[in-house]
Amino acid sequence: MQQIFNFIFKNSNRLLFLLLLCISFLLTIQSHSYHKSRIISSANFLSGGVYERINNINEYLDLKTQNEALAIENARLRSIVFNTKDSIKITKFDNLKGVKPEDIAVSKVIHNSYNVHENYLTLNSGSLQGIKPDMGVINSLGIIGIVDKTSPNYSTVISILNVKSQINAKLKKSNHFGSLTWNGKNTGYVQLIDIPRLASARKGDTIVTGGESVIFPENINIGTIDKIEIDDQTHYYTINVKLFNDMTNLGHVYIIKNKDRDELINLEKTNKDE
């Protein structure tokens, strides 16, 4: 311990200089949007490369589990094909309302946080692959989150397990919609708020994305109703939704390039201005 104190006293001038340098550097970043954006982009690039290498190791160690999951999925798909009549057209996953197949990009989750209140994911696709902020991210089971920031080859995604996330969602069997949020408590559940009490909602009913979203196509799966409560202040339903996705175990995802988003936002803005 004495040696540590001696080192600090001996190099106090240098340590003070480094401390002041760090403080000035942070103040410069905070006060200039250009510097801040460049730092964020560089951080995404560096952290993305590290996360991708870690993810490659984890994937190698997890091959057995992944193979078992693929076998189960193949069995399910074959069951659908064998039990579908020839006259019925099989709906493809990329056949989303208002979205063309070429507007769906495939990416992979290389980092995923889920144990804090503001969780993010990192994908191995970025601006060079046409990925932009505010694009929706989904997989075969349902929604994952919304693209937040991008670097040339990586992007960060605001997870639905983020207390700041708000997504338009509705009851699948009706047009009653509300906002999908997360209370920060359980990784397997999110909350659908502002559902009017006149809505017919029961445990087990499916929750999907709503038609008012400019990010996600309508009717993308989210989960099923687990519990229904009444907010004493608003007298609206607060619905606990059990997610179809296991948000702690994500692999490949699909990024939806909604080309009509800017047009819709500008149109709504024009209506409000008038």
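Structure first, text after, so check above.
The residue numbers shown here count from 1 along each chain, following its written sequence. Where local features are concerned, this predicted model is filtered to residues with pLDDT of at least 70; where side-chain atom pairs are given and counted, the filter is 80 or more; whole-chain, interface and lining totals use all residues. Water and hydrogen atoms play no part in the side-chain values, which are based on all heavy atoms of the structure.

Paired strands, in this sense, are two strands between which DSSP finds at least two bridges. Secondary structure elements follow DSSP: runs of H or I no shorter than four residues count as helices, runs of E no shorter than two count as strands, and numbering proceeds from the N terminus. Taking strand neighbours around the barrel as the criterion, the six strands line up as 6-7-8-11-10-9 in a closed arrangement whose pairing is antiparallel. Adjacent strand axes in the sheet meet at a mean angle of 40 degrees, parallel and antiparallel pairs treated alike. Relative to strand 11 (residues 237–243), strand 8 (residues 189–195) runs antiparallel, the two being bridged by five bridges. Note that in strand 11 the partner of Ile195 across the bridge is Tyr237. Lines fitted to C-alpha atoms define the axes, with helix axes restricted to the stretch in contact, and inter-axis angles between N-to-C directions lie between 0 and 180 degrees.

Turning next to the nonpolar core. Of all hydrophobic cores here, the largest spans 43 residues; its most connected members are Ile143 and Ile239. In contact with Ile143, other than residues within four places in its own chain, are Val137, Ile138, Ile160, Ile167, Leu180, Thr209, Phe216, Ile220, Asn221, Ile222 and Asn245. Here, the term nonpolar core denotes a set of buried Ala, Val, Leu, Ile, Met, Phe, Trp, Tyr and Cys residues that are joined through side-chain atoms within 4.5 Å. Working definition: with a 1.4 Å probe on protein chains only, accessible area under 20% of the residue-type maximum means buried, over 50% means exposed, and in between means partly exposed. Contacts are assigned to residue pairs with any non-hydrogen atoms lying within 4.5 Å of each other.

Turning to the sheet that holds strand 2 (residues 118–123), a few remarks are in order. Each strand in a sheet pairs with another by means of backbone hydrogen bonds, the pair being arranged parallel or else antiparallel. Pairing is antiparallel in the closed barrel, where six strands are placed in the order 1-2-5-4-3-12. Along the sheet, successive strands turn relative to each other by an average axial angle of 45 degrees, direction set aside. Note that strand 2 and strand 5 (residues 155–162) share five bridges and pair antiparallel. The partner of Thr122 across the bridge, within strand 5, is Thr156.

On to unusual backbone geometry, then. Where the residue is not glycine, phi is negative for most of them; where a peptide bond is considered, it is trans in most cases. The backbone phi angle of Asp134 is positive, close to 75 degrees, even though this residue is not glycine. The backbone of Asn219 shows a phi angle near 70 degrees, a positive value even though the residue is not glycine. Structurally, Asn219 is set in the loop between strand 9 (206–209) and strand 10 (221–230).

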